[in-house]
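Structure at a glance
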Amino acid sequence: LVAARRLPDEVKTCLEQMPATAHPMDVLRTGCSVLGTLEPELVDNVRMTKEHEDVIRIGERLTGSFGPMICYWYHFHQSGERLDIESYLEDDDSLSQVFLKLLFKSAAKPDALHNKVVDTSYILYAEHDFAASTFASRVTASTMSDVYSCISTAIGTLRGNLHGGANEAVMHFLEDLNNEQEAADMVNSKLSKKEVIMGFGHRIYKNGDPRNAVFKDLSHQLSQKPEGKPHLYAISQHIEGMMENLKGMYANADFYAASAYHQVGIPTYLFTPLFVVARTSGWIAHIVEQRSQNRIIRPSSAYIGPAERDLPSGGFVKSKL
């Protein structure tokens, strides 16, 4: 992973050419594709089903480079600075330390709790069965496309706020609330209009997401620090209680991840790229599994439209078949 975090000059140039207004997930999706043109995977159907070393190597390359990639783009468009990545890093830096050092442009080891938040999120978000992005990557893999195409597919799917973008949506919701009363009024207003409140409910965890307790504890610990935001944690806790009591819905991993990331100082629009760094390992594992016993994923559809109708007579050439 130390070698994997180094970005080719061609990738840096592309990152500089992308607009400051681009969504960071679009930046990573494009960066992945560019790297795939520079360090391509050899597509050989027989070899790809039996040998997986190249896929794993590319997975390590992407996992190591996504953090530096988004930080390089971020700083260039914030200040025009071309981030000297290696000047801030040491060989024993973990993935979480690499991200925090580059984000804050500091060669010092990050705050231990801040590092624990990012490191823990990488663990909790690493793999989660057939989530939308994982399934999308397996569909692409089933066509025997290259691994960069599979990961680009996954990133594009994760971008949606019903999947990876949920923690960003949670933070946008929370940041306008100043106290628990405002939170209660907003929740009641949204529920009365049957609007979705992001960060609650899960397709798998009907009785509560076990990852939520971990993020909640981290958010609480951060709120107790001198620079923490206890009001943000209190508001989050109040909303969580309301949703349980009024709707029987439980917070998922994204709900407290939002306030935890925010208290670390991570810009809201960089929340989902952290998900990419974490989930790449899971995507790669699924791609390997798909290739090992591959059949193209091609679901059938059930037509429920109008019944068969006769064409109007005249003016049509009858087929010779």
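Figured I'd write up the structure that's included with this text. All figures in this text were calculated on a predicted structure; none of them were measured in a lab.

What follows covers the overall build of the chain. When you go through the chain residue by residue, the secondary structure sums to 14 helices and zero strands. Beginning at the N terminus, the succession of helices and strands in the chain can be written as α-α-α-α-α-α-α-α-α-α-α-α-α-α. C-alpha atoms of the chain, sized along the principal axes, occupy 80 × 50 × 35 Å. Per-residue burial for the chain yields a buried fraction of 49% across its 321 residues.

Next up on the list: the nonpolar core. If you look at the biggest cluster of nonpolar residues, it comprises 87 residues, and the most contacted ones within it are Leu15, Phe66, Phe99, Ile151, Ile239 and Ile266. Sequence-distant contacts of Phe66, defined by excluding residues within four places in its chain, comprise Leu28, Cys32, Ile151, Ile155, Val276, Val277 and Thr280.

Looking now at the environment of Val118. Tracing the chain through its elements places Val118 in helix H6 (residues 112-124). Considering only alpha carbons, one finds Val118 and Ile85, 33 residues apart in sequence, at a separation of 19 Å. Those residues within four positions of Val118 in sequence are excluded, and the remaining contacts are Ser96, Leu100, Ile266 and Leu274.

Charged atoms that come close allow side chains of opposite charge to pair. Enumeration over the complete set of coordinates arrives at 20 salt bridges. Here Asp111 and Lys225 are joined by a salt bridge, their closest N and O atoms 3.2 Å apart. Linking Asp111 in the loop between helix H5 (95-104) and H6 with Lys225 in the loop between helix H11 (210-223) and helix H12 (230-247), this pair joins segments that are 114 residues apart in sequence. Residue classification places Asp111 among the partly exposed residues on the basis of a relative accessible area of 31%. Among the charged side chains, a network of salt bridges with common partners joins Glu90, Asp92, Asp93, Lys101 and Lys109.

The rules behind these values
- Residues numbered from 1 in each chain as written.
- Predicted model: local features only at pLDDT ≥ 70, side-chain atom pairs only at ≥ 80, totals over all residues.
- Heavy atoms only, no water.
- Helix = DSSP H or I, 4+ residues; strand = E, 2+ residues; numbered from the N terminus.
- Buried < 20%, exposed > 50% of the residue type's maximum accessible area, 1.4 Å probe, protein only.
- Core = buried A, V, L, I, M, F, W, Y, C linked by side-chain atoms within 4.5 Å.
- Contact = heavy atoms within 4.5 Å.
- Salt bridge = Lys/Arg side-chain N within 4 Å of Asp/Glu carboxyl O.

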